[in-house]
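# Working through the structure, step by step
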Amino acid sequence: DSGVTQTPKHLITATGQRVTLRCSPRSGDLSVYWYQQSLDQGLQFLIQYYNGEERAKGNILERFSAQQFPDLHSELNLSSLELGDSALYFCASSPGGSSTDTQYFGPGTRLTVL
Amino acid sequence: GQNIDQPTEMTATEGAIVQINCTYQTSGFNGLFWYQQHAGEAPTFLSYNVLDGLEEKGRFSSFLSRSKGYSYLLLKELQMKDSASYLCAVRDRGGATNKLIFGTGTLLAVQP
């Protein structure tokens, strides 16, 4: 158990809908990262937040957005869902925004878009 | 561009040694990680290399050559529970970011 929690564990929804994925980092960690893992693809970095502010952006679609709240939990919002958005979404956290930090991953949310 | 290559699949025998290779070409480099991922589960941290050489951690060792853009993960005394995907990831050097660029992973099957 990494100490990173994610909810829900599974989510099934329809095309065109909007969902929110939630992540709580390890106690004391200030940075949160979101990754997408599709079938047969590696983990793709989406976005990083550090202490409430956006730190780095990857290949995140405009339909997706995220934020980190004062209590340091983070939410990833996915809207106008398409079949291709079906994937495992992982959140990771690290102590700071430092480039020497190791990232620890949560259990993931499996999103299925029908 | 960013490119990380690993073999797609490998098979090894229980009790043996296996080496999983990773080559990378990235615009920046600030360290290389290896993670283990069982199907449908979270990646778990195995090792980190930022300087050239070998890092040993129990049954697992990881090697890095920055000049060659090459790393390997060595697993000794293989156990059935080592059957998993092994992910190589390079940390991008870009300002204050700590983002990881992952390879597609090597699926290791350990056979009796």
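Let us look at the structure shown here. Owing to the predicted nature of the structure, the values given are computational and were not obtained by experimental measurement. (Residues numbered from 1 in each chain as written. Chains lettered and ligands numbered in written order. Predicted model: local features only at pLDDT ≥ 70, side-chain atom pairs only at ≥ 80, totals over all residues. Heavy atoms only, no water.)

## Digging into the sheet that holds strand β6 (residues 53-57) of chain B
Consider a sheet: its strands pair through backbone hydrogen bonds, and that pairing is either parallel or antiparallel. Residue and element names in this part refer to chain B. What counts here: In this scheme, strands are said to pair when DSSP sees at least two bridges between them. The numbering of helices and of strands both runs from the N terminus, where a helix is a DSSP run of H or I of at least 4 residues and a strand a run of E of at least 2. To get an axis, a line is fitted to the C-alpha atoms, and for a helix only the part in contact is used. The angle between two axes follows their N-to-C directions and goes from 0 to 180 degrees.
On the basis of which strands lie adjacent, the open sheet formed by five strands has the order β1-β3-β8-β7-β6 and antiparallel pairing. Two strands in the sheet have a free side with no partner beyond their single neighbour: β1 (3-5) and β6. Sheet twist, expressed as the mean angle between neighbouring strand axes with direction ignored, is 15 degrees. Here strand β3 (residues 18-25) runs beside strand β8 (residues 70-75); their pairing, made up of six bridges, is antiparallel. In the strand pairing of β8, Ile20 is matched with Leu73.

## What about the pattern of salt bridges?
Residues and elements named next belong to chain A. Condition: A pair is scored as a salt bridge if a Lys or Arg side-chain nitrogen falls within 4 Å of a carboxyl oxygen belonging to Asp or Glu. Residue burial is assigned from relative accessible area. The probe radius is 1.4 Å, only protein chains are included, and a residue is buried under 20% of its type maximum, exposed over 50%, and partly exposed in between.
This structure, assessed with the given rule, holds seven salt bridges over all chains. Between Arg63 and Glu82 there is a salt bridge, with the nearest N and O atoms lying 3.7 Å from each other. Here Glu82 lies in the loop between β8 (74-78) and β9 (87-94) and Arg63 lies in the loop between β6 (53-57) and β7 (64-68), a separation of 19 residues in the sequence. Judged by its relative accessible area of 44%, Glu82 is partly exposed. With a shortest N-O distance of 2.8 Å, Arg63 and Asp85 are connected by a salt bridge. Of the two residues, Arg63 sits in the loop between β6 and β7 while Asp85 sits in the loop between β8 and β9, which places them 22 residues apart along the sequence.

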